[in-house]
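# Overview (structure and organization)
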Amino acid sequence: MPETRADYRLLRDMPTRWFDNDIYGHLNNTVHYQLFDTAVNAHLVETGVLDPHTGDTVFLVVESGCRYFAPLSFPEVVTAGLRVAHLGRSSVRYEIGLFGGEADTAAAEGFFVHVNVDRQTRKKAPIPDAARDVLEALR
Ligand SMILES: CC(C)(COP(=O)(O)OP(=O)(O)OC[C@H]1O[C@@H](n2cnc3c(N)ncnc32)[C@H](O)[C@@H]1OP(=O)(O)O)[C@@H](O)C(=O)NCCC(=O)NCCSC(=O)c1cc(O)c2ccccc2c1O
């Protein structure tokens, strides 16, 4: 059973683009993953805890997945619901629901796991306190 908007801690509107529709006239499955990345990383950048260009550490994805319940398509505005399901020492699991238009049940539900790594060595590193605070607020 798909989840509802109330099941997520933060909602973020995500405009769709002409190019997002595939030959069947709906968002291709790869676009859902782009929306997940954009929703989460935009929040991290806006809250000041991710600087993808100069930060000492960066997040890498180690696992991701998605279930698709209903089609989404341009020109719909999609709303992404975000929550943190697990916060470890160096890892965080995000769960994201995608809602089409005014719908209250998710058209798709996905997740991905980020591991924080040192930018230079690419070895895992503890999630810094400031980022941890932002992530705790999404639990
Ligand atoms: C990332 C790695 C270096 C980690 O290797 P390591 O051996 O150190 O990993 P561990 O097994 O010790 O686990 C560390 C930590 O993660 C948890 N964990 C690991 N796997 C999973 C899993 N499948 N599910 C849940 N949790 C997992 C584990 O429990 C530990 O947790 P703690 O919290 O207890 O510390 C190595 O795995 C690696 O290099 N992998 C390849 C990464 C990669 O190439 N990914 C694809 C491209 S990256 C990407 O797509 C990407 C997306 C973005 O959104 C970005 C946003 C901003 C910047 C960059 C982005 C980006 O590159």
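- In the annotation of an unreviewed UniProt entry, the entry for the protein reads 1,4-dihydroxy-2-naphthoyl-CoA hydrolase, and the organism field reads Palleronia abyssalis.
- Recorded in UniProt under Sequence similarities (unreviewed entry), the annotation for the protein is "Belongs to the 4-hydroxybenzoyl-CoA thioesterase family."

### Digging into the overall build of the protein
- Scanning the protein from N- to C-terminus turns up two helices and five strands.
- Taken over the C-alpha trace, the protein has a radius of gyration of 15 Å; the compact-globule value for 139 residues is 14 Å, and the two agree within 12%.
- If you line up the protein on its principal axes, its C-alpha atoms span 45 × 30 × 25 Å.
- Of the contacts formed within the protein by residues at least 6 apart in sequence, a portion of 71% connects residues at least 24 apart.

### Some words on the environment of alanine 137
- Within the secondary structure layout, alanine 137 lies in the segment after helix H2 (129–136).
- Using a relative accessible area of 46% as the deciding quantity, one classes alanine 137 as partly exposed.
- Considering only alpha carbons, one finds alanine 137 and arginine 9, 128 residues apart in sequence, at a separation of 8.0 Å.

Scoring rules and cut-offs
- Residues numbered from 1 in each chain as written.
- Predicted model: local features only at pLDDT ≥ 70, side-chain atom pairs only at ≥ 80, totals over all residues.
- Heavy atoms only, no water.
- UniProt positions renumbered as here; feature names shortened; annotations may be inferred.
- Helix = DSSP H or I, 4+ residues; strand = E, 2+ residues; numbered from the N terminus.
- Rg over C-alpha atoms; globule rule 2.2 N^0.38 Å.
- Contact = heavy atoms within 4.5 Å.
- Buried < 20%, exposed > 50% of the residue type's maximum accessible area, 1.4 Å probe, protein only.

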